[in-house]
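If you want the building blocks of each chain, they are given just below.
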Amino acid sequence: INGMIWGKLELSSKDVNLQITGLPKKLGNELEAILIELPKFSKAKLLLDIYLSRNVYFRNLDIRKIQYLVQGEPKLKIINSLTLLPKYFPKIFKDVEIIVEIANNNLRFIDQWNEKFINFEKISNKHFFDTVESTPLTDEQVIASLVMEDNNLVIASAGSGKTSTLIAKTGYAIKKGYARSDEILILSYNNAVKVEIQERLNSRLGFSEN
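What comes next concerns the included structure. (Residues numbered from 1 in each chain as written. Predicted model: local features only at pLDDT ≥ 70, side-chain atom pairs only at ≥ 80, totals over all residues. Heavy atoms only, no water.)

Structural notes on the packing of aromatic side chains
- Tallied over the entire structure, the rule returns 4 aromatic pairs.
- Both rings, one in Phe128 and one in Phe129, keep their centres 5.2 Å apart while their planes meet at 70°; by these two values the pair is edge-to-face. Judged on exposure class, the residue Phe128 and its partner Phe129 are both buried.
- When the ring of Tyr172 is compared with that of Tyr178, the centres are 6.1 Å apart and the planes differ by 50°; the resulting orientation is tilted.
- What makes Tyr172 buried here is its relative accessible area of 0%.
- On the basis of relative accessibility, which here comes to 28%, the residue Tyr178 falls in the partly exposed class. (Phe/Tyr/Trp six-rings, centres within 6.5 Å; stacked < 30°, edge-to-face > 60°. Buried < 20%, exposed > 50% of the residue type's maximum accessible area, 1.4 Å probe, protein only.)

Encoded structure:
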């Protein structure tokens, strides 16, 4: 509750009813914003940490779920105007800054995570990508196999190794735990390609004919 200069902050719960009076108006506004808005950002940061702990590619769908928790321009303006957090709670403020960036579609943090993730997966899965097909996959093929976005568009010329990439991506998705083999649907536009893909899935990944 704000007056012209001074304010009063009331905190109520099931067991406690607390009033803080004589607060400078700006300080009262900040405390109110921290108490009301900060839990929403904390919830978004918890969701972010859960996604990161899975050690998988960070998809656009995951980003949208985080943004949904803190959507709304007023909330972002309030958090950006706080002075108490950076001064007394720098760790919390740093976490809030990350969420504010994501909410504003500044995806620097996510892009850095995905870049590090891809580089790590290239190394840790090198043997798989070198041996899953008759010849080792190129760097472009490996990246196409590792990126697990909601939708992935790969444009390549004839004979450039699209089928090898498809086999590798399928095998990697199963190996990483993104999906089981019975949850993956592969479509082809002609029967000859279908037969080739099925044969290579069988020989390279140990799929059964179905």
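So that's the structure; there's more coming.
Brief notes about the nonpolar core
- Judged by nonpolar contacts, the single largest core of 18 residues is most densely connected at Phe41, Leu48, Phe58, Ile66, Ile99 and Ile102.
- Residue contributions to this core peak at 7 residues, all from helix H1 (residues 25–53).
- Counting 17 residues, the second-largest nonpolar core is a separate cluster that includes Met148, Ala168, Tyr172 and Ile197. (Core = buried A, V, L, I, M, F, W, Y, C linked by side-chain atoms within 4.5 Å. Helix = DSSP H or I, 4+ residues; strand = E, 2+ residues; numbered from the N terminus.)

A short note on the packing of helix H9 (residues 162–176) against helix H10 (residues 191–205)
- At a minimum axis distance of 10 Å, the contact between H9 and H10 shows a crossing angle of 45°. In terms of axis orientation, H9 runs oblique to H10. In the packing of H9 onto H10, the handedness of the crossing is right-handed. When H9 is examined against H10, the residues Thr163, Ser164, Leu166, Ile167, Thr170 and Gly171 are found in contact with a partner set consisting of Glu196, Ile197, Arg200, Leu201, Arg204 and Leu205.
- In terms of residue class, the contact of H9 with H10 is made up of 5 nonpolar, 4 polar and 3 charged. (Axes fitted to C-alpha atoms, helices over the stretch in contact; angles between N-to-C directions. Parallel < 35°, antiparallel > 145°, perpendicular 65-115°, else oblique. Left-handed = near helix turned anticlockwise from the far one by under 90°. Contact = heavy atoms within 4.5 Å. Nonpolar A, V, L, I, M, F, W, Y, C, P; charged D, E, K, R; others polar.)

Here's the deal with the environment of Asn104
- With respect to the helices, strands and loops of the structure, Asn104 is situated in the loop between helix H5 (90–103) and helix H6 (108–124).
- Residues Asn104 and Gln71, 33 residues apart in the sequence, show an inter-C-alpha distance of 9.1 Å.

Description of the environment of Ile197
- Assignment of secondary structure puts Ile197 in helix H10.
- Taking the C-alpha atoms as reference, Ile197 lies 7.7 Å from Ile167; in sequence the two are 30 residues apart.
- Beyond its immediate chain neighbours, meaning those up to four positions away, Ile197 contacts Thr163, Leu166, Ile167, Ile186 and Ser188.

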